[in-house]
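Examination of the molecular architecture
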Amino acid sequence: MEEGTKLEYNSVRSCKIKGKGGFRASSFIYGFVGLDNIGFVANMVSMVLYLSFKMHFDLSGSANTVTNLLGSTYLLSIIGGFISDTYLSRFHTILIFGTVEILAWTLMTIQARYSSLQPQVCDKSNCLEGGISLLFYGSLCLLALGTGGVRGALPALGADQFEHKDPKLGRYFNWLLLSSVSGSAIGVTIIVWVSTNKGWWMGFLISLVGTFLGFVIFLFGKPFYRLQLPAQSPLTRILQVISVAIRNRKVQLPDNPDQLYEINEKQSDSSEPKIAHTDQFRCLDKAAVVPKTMEPTAWRVCTVTKVEEVKIVTRMLPIIGSTIIMNTSLAQLQTFSVQQGYRMNRHFGSFEVPAPSVPVIPLLFMCVLIPIYDFLFVPFARKITNQPSGITQLQRVGVGLVLSIISMAIAALVEVKRKNQSLKNPLEPIHVFWLSFQYAIFGIADMFTLVGMLEFFYKEAPAGMRSLSTSFTWISLSFGYFLSSAFVAIINSVTKRLSPSKKGWLDGQDLDLNNLQLFYWFLAILSCLNFINYLYWASWYKYKSSDDDNLNTNSKSGHDNNIVLPKSASVSRVPFLKANENEGSSTQETEETN
């Protein structure tokens, strides 16, 4: 590390020194998130029309392109999370990927401004070719990389401003969502109106300016942030455990788990708290069996803490998988519902609402409900459940999954009503307000699920994997969007073969000749089955905090965890310590010097 970089960080154990951390630091992050989402969310909901009218994609092509873009964006968040956990601080990771995001908006603005950089109308599903295609897909790739990288590091950076056990941490995630939906509400009204009435390039330009100003605000907060040095690569730690466990697959596990390998605090070069041994996934415990004939090395034996880190990540995987279907449903509301709104009566008096602005309904609901949830529901529920966040994170996710099922069922019923009226009298379509029901319920579902997942993955993650772990939330979104594209293609292919008309449910550009309502019913039924699956895994999951409680019990009962290892090991087993409430990373928590 260069001398200048060394001076930039000053190792401390409390965020309260010199006024760093807390809500004052996170307020700069809220400002950045709000301004960044003004452009990003607005263009994601209206992009399907931009692709149809300017880039001349067909119905399913425009929908799939948008869902693939969103899927790629959220999938690439894992890169930002990995880099900020391993190589750079979260602050500098955000700066690097933010520059890429600004470049992407610049290229998209230029292409939308000049007609010579746009394709001509053709009879194919995709009219892009040559340099125009390269510019289009290149700018989308940069947007996915930049935006995804920022999202991979940003939530964890804000959470680092609070103590790990601080009840305010839950409030931080609630207000992070509030800042996001507030910016989104502005975007889907103002920017969408500008894009559809004044020109798409002007909408992209406003997005560019908003993102740039957001990063300026983010930079102003630098003196107040708690920063952390990166640790050893979390992927390396995972690979070490898996590799050693496979090598030791024929080794007999000791009857007493206290005989497994662990390093005491004096021999450890990390402030990382020890994690208690658990009985799940005992096959991984073989990685912590002490070798009898050689010195312990990272690729020969792993500490119990390393093994438990891998167990935690493994326990998280079914939770990630159980939320994918909900995000698949969300993808449909961001694409096909916009196309529905375009064919509905969008007049409120003399003012005509742009179809992509319909999602402002759930956003406004969330702007009102998040403060109510945070200030009224959480304190009330806390008195009943004794949970700092009112209800557990997994309970919160479960509520969101139930609401998403209801939303998709309502979406199917609304599409039946819209289609029947359109076929009966095309000149008098039903009002776009009918879409508000499905949007409002799904908005509330998103409020429960998104915050619940962010808080769950941050709190439950091993100390050195928190950026990577919070990226699991975005990975679930990513898989949901990709699965949406796959469902559209598969449903079209299957129904084209089975239907008498030899036409798929979602073929062509005319919704009145399609069967979108059947697709919504399919997703509603699939969501019901997925919720049953989620209930199983949520009840099976064991929270990490339970392990800490067990440690306290062992300590109070005088249980002795010290053992004698072979001399070649040169280590001694010590009682596990409860995770320090000031923990923030597997590395030293740091605070910038003024």
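Only a predicted model underlies this, so the values are computations on that prediction, with no experimental measurement involved. (Residues numbered from 1 in each chain as written. Predicted model: local features only at pLDDT ≥ 70, side-chain atom pairs only at ≥ 80, totals over all residues. Heavy atoms only, no water.)

With that settled, the discussion passes to the overall build of the protein. Across its full length, the protein carries 17 helices and 5 strands. For the protein, with 594 residues in total, the buried portion stands at 58%. For the protein, long-range pairs separated by at least 24 residues make up 83% of all intrachain contacts whose partners lie at least 6 apart in sequence. Of the roughly 24,500 Å² of accessible surface on the protein, 64% is carried by carbon and sulfur atoms. (Helix = DSSP H or I, 4+ residues; strand = E, 2+ residues; numbered from the N terminus. Buried < 20%, exposed > 50% of the residue type's maximum accessible area, 1.4 Å probe, protein only. Contact = heavy atoms within 4.5 Å. Areas by Shrake-Rupley, 256 points an atom, 1.4 Å probe, with all protein chains shown as cover.)

Another aspect to go through is helix α16 (residues 516-540). Between the first and last C-alpha of α16 there are 36 Å, a value that for 25 residues agrees with the 36 Å anticipated at 1.5 Å per step. For α16, the complete set of buried residues consists of L516, Q517, F519, Y520, L523, A524, S527, N530, F531, Y534 and A538. Of the surrounding elements, those touching the buried residues of α16 are α10 (304-322), α11 (324-342), α13 (393-424) and α15 (466-498). (Expected span 1.5 Å × (residues − 1).)

Let's shift gears to the side chain of N43. With respect to the element layout, N43 can be found in helix α2 (residues 22-53). Reaching out from N43, the side chain makes a polar contact with the backbone oxygen of G39 at a distance of 2.8 Å. When sequence neighbours within four positions are dropped, the list of residues in contact with N43 reads W105, I191, G203, F204 and S207. (Polar contact = N/O pair within 3.5 Å; in protein donor to acceptor, adjacent residues only side chain to side chain.)

Next up on the list: the nonpolar core. Counting 128 residues, the largest nonpolar core has M47, Y50 and F218 as the members making the most contacts within it. In terms of residues, this core owes the most to one element, α2, which gives 17 residues. Ignoring anything within four residues of it in the chain, the contact list for Y50 reads M55, A112, F136, W200 and F204. Counting 16 residues, the second largest nonpolar core, distinct from the first, contains F336, A411, F487 and Y520. (Core = buried A, V, L, I, M, F, W, Y, C linked by side-chain atoms within 4.5 Å.)

The subject of this paragraph is the pattern of salt bridges. The full count for this structure, using the stated rule, is 11 salt bridges. Residues R171 and D374 are paired through a salt bridge, measuring 2.6 Å at the closest nitrogen-oxygen approach. Separated by 203 residues along the polypeptide, R171 in helix α7 (residues 168-197) and D374 in helix α12 (residues 360-385) bring together distant segments of the chain. For R171, a relative accessible area of 30% gives the class partly exposed. With relative accessibility at 3%, the residue D374 sits in the buried group. A salt bridge links K459 to E455, with the nearest nitrogen and oxygen atoms 3.1 Å apart. (Salt bridge = Lys/Arg side-chain N within 4 Å of Asp/Glu carboxyl O.)

Applying the stated criterion across every chain yields a total of 32 aromatic pairs. For the pair F28 and F224, a centre-to-centre distance of 5.5 Å together with 10° between the ring planes defines the contact as stacked. With F28 in helix α2 and F224 in the loop between α8 (200-220) and β2 (226-228), this pair connects stretches of sequence that are 196 residues apart. We classify F28 as buried; its relative accessible area is 18%. Look at F224 and you get partly exposed, because its relative accessible area is 25%. (Phe/Tyr/Trp six-rings, centres within 6.5 Å; stacked < 30°, edge-to-face > 60°.)

A packed helix pair is summarised by two numbers, namely the angle formed by the two axes and the spacing between the axes. Contact geometry of α11 with α13 gives a least axis separation of 11 Å together with a crossing angle of 25°. Taken together, the axes of α11 and α13 are roughly parallel relative to one another. Classified by chirality, the crossing of α13 by α11 is left-handed. Between α11, through M326, S329, L333 and Q340, and α13, the contact on the second element is made entirely by G400, L401, S404, S407, M408, E415 and R418. Looking at the contact of α11 with α13 residue by residue, the classes come out as 4 nonpolar, 5 polar and 2 charged. (Axes fitted to C-alpha atoms, helices over the stretch in contact; angles between N-to-C directions. Parallel < 35°, antiparallel > 145°, perpendicular 65-115°, else oblique. Left-handed = near helix turned anticlockwise from the far one by under 90°. Nonpolar A, V, L, I, M, F, W, Y, C, P; charged D, E, K, R; others polar.)

Before going further, it helps to examine the environment of P371. Mapped onto the secondary structure, P371 falls in helix α12. Of the residues examined, P371 reaches a relative accessible area of 22% and is grouped as partly exposed. Along the primary structure P371 and W175 are separated by 196 residues, whereas in three dimensions their C-alpha atoms are 8.2 Å apart. Discounting chain neighbours no more than four positions away, the residues touching P371 are L178, M366 and L376.

Bringing α11 into the picture now. Over its 19 residues, α11 extends 28 Å from the first C-alpha to the last, a length consistent with the 27 Å expected when each residue adds 1.5 Å. At F336, α11 shows its maximal kink, close to 30°. Within α11, 18 of the 19 residues are buried, leaving the element largely enclosed by the surrounding structure. (Bend = angle between axes of the 7 residues up to and from the residue.)

In this section: a nonpolar patch on the surface. A contiguous nonpolar surface patch, about 340 Å² in accessible area, is contributed by L205, V209, F212 and L213. Among the structural elements, L213 can be located in helix α8. A residue is classified by how much of its surface remains accessible, and L213, at 43% relative accessible area, is partly exposed. (Patch = residues over 30% accessible without salt bridge, like charges linked within 9 Å, V, L, I, M, F, W, Y side chains within 5 Å.)

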